[in-house]
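Chain residues, written in single-letter form:
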Amino acid sequence: MLHSPNLNVIIKSLEKISARLVRDFVELENLQSNNFSAAKFANSCYKRIEETLVDELKKVRPDYNFEMADGRKIIHNPNSEYQYIVCPVDGLFSLSRSIQSFSSFVALEHIASNGTAEVISSTILNVAANEIYLCEKGSGAFLNNRKIRVSKRELKDGILCALSNPNLINHQIVENLKTNKAVFQTNNCFSLDIAYFAAGKIDLCIFEEVDKNFLKAFLLLAKEAGGEVIEKDGLVLVSNGKIKI
């Protein structure tokens, strides 16, 4: 499939880090007997991946600014209409334990003259599975080059629900879902939850509202795959539209 020049830049930057992340993941498998060494190596990996992503993106789009996952801003042009939202490793704890539930993601945000910001493209690299989930506003969602859609499961079908925090298991909305035999999991990687949702593997994602600023980078993928985003009772619900809550 054909991608816009902006999306091609992002994809190439993620491809650049993919092999390095695989090597670091294998190295971390050999460090699990030493918790300090594993954590230190994972943090070093995060910094290396961050530097590579920023350098690769800046090389092609030198006027674009950056918003990092930890809230830091890298301003190259105060008047730029575009900024990248970058998370070198989402699920760093999983990576440090050599568990495959981690990803890297890059989104592109357009900032209008009135200050309104809108994510116009989003990509999530599932390193362990060699998958890139991607989308552009109005063009649908894709896994590598295959178009994907959210599931059509309803509550009666027995849904799989991702929770951003295991403590949400006691929230009233989740309690109501339990009565319909929903299954719950916590992956410690928000972006992969959304990627799996967009591909129809997960039927509902439940996030705390405190995560909204972080979520903006990849909620576009859920919407482009046919999902809907609802805010209710202090939560952000990403649903396939078939599940009535």
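Look up: the structure comes first, before these words.
Residues numbered from 1 in each chain as written. Predicted model: local features only at pLDDT ≥ 70, side-chain atom pairs only at ≥ 80, totals over all residues. Heavy atoms only, no water.

Asker: Help me understand helix H2 (residues 35-60) in this model?
Answerer: Note on helix geometry: an α-helix contains 3.6 residues per turn, so any two residues three or four positions apart are oriented the same way. The end-to-end C-alpha separation of H2 is 38 Å, in line with the 38 Å expected for 26 residues at 1.5 Å each. Residues of H2 that are buried: Ala38, Ala42, Cys45, Tyr46, Ile49, Glu50, Leu53, Val54, Glu56 and Leu57. Where H2 is buried, its residues touch helix H1 (5-29), strand S1 (65-68), strand S2 (73-74), strand S3 (82-90), helix H3 (92-96) and strand S4 (103-111). Its side-chain oxygen placed 3.2 Å from the backbone nitrogen of Phe36, Asn34 serves as the N-cap of H2. (Helix = DSSP H or I, 4+ residues; strand = E, 2+ residues; numbered from the N terminus. Expected span 1.5 Å × (residues − 1). Buried < 20%, exposed > 50% of the residue type's maximum accessible area, 1.4 Å probe, protein only. Contact = heavy atoms within 4.5 Å. Polar contact = N/O pair within 3.5 Å; in protein donor to acceptor, adjacent residues only side chain to side chain.)

Asker: What's the story with the layout of surface pockets in this structure? I'm lost.
Answerer: Remark: the empty space left among the atoms is shown by a probe the size of a water molecule rolled over them. Put simply, the largest pocket is a space of about 190 Å³. Contributing to the lining of the largest pocket are Glu109, Ala117, Glu118, Val119, Lys137, Lys216, Leu219, Leu220, Lys223 and Val229. Sorting the residues of the lining of the largest pocket by element identifies strand S5 (117-126) and helix H7 (219-224) as the ones contributing at least two each. Residues of the lining of the largest pocket, tallied by class, amount to 5 nonpolar, no polar and 5 charged. (1 Å grid on protein atoms, 1.4 Å probe; cavity = no way out; pocket = protein on both sides within 12 Å on 5 of 7 lines; lining within 4 Å. Points joined across faces, edges and corners; volume = space filled by probe spheres on them. Nonpolar A, V, L, I, M, F, W, Y, C, P; charged D, E, K, R; others polar.)

Asker: Can you walk me through the pattern of salt bridges in this structure?
Answerer: A side chain of one charge can pair with a side chain of the opposite charge when the charged atoms of the two come close. Going through the model one piece at a time under the given rule, you end up with 12 salt bridges. The salt bridge partner of Glu67 is Lys73, with a shortest N-O separation of 3.4 Å. Overall, the relative accessible area of 8% leaves Glu67 in the buried class. Here Glu109 makes a salt bridge to Lys216, at a shortest N to O gap of 3.7 Å. Within this pair, whereas Glu109 is found in strand S4, its partner Lys216 is found in the loop between helix H6 (212-215) and H7, the two being separated by 107 residues in sequence. By relative accessible area, Glu109 is classed as buried at 4%. Overlapping salt bridges bring together Glu67, Lys73, Glu109 and Lys216 as one network. (Salt bridge = Lys/Arg side-chain N within 4 Å of Asp/Glu carboxyl O.)

Asker: Any chance you could explain the side chain of Ser80 here in plain terms?
Answerer: Following the sequence through the fold, Ser80 ends up in the loop between S2 and S3. Residue classification places Ser80 among the buried residues on the basis of a relative accessible area of 13%. At 3.1 Å, the side chain of Ser80 forms a polar contact with the backbone oxygen of Asp63. Reaching out from Ser80, the side chain makes a polar contact with the backbone oxygen of Tyr82 at a distance of 3.1 Å. Not counting chain neighbours up to four residues away, the residues in contact with Ser80 comprise Asp63, Tyr64 and Asn65.

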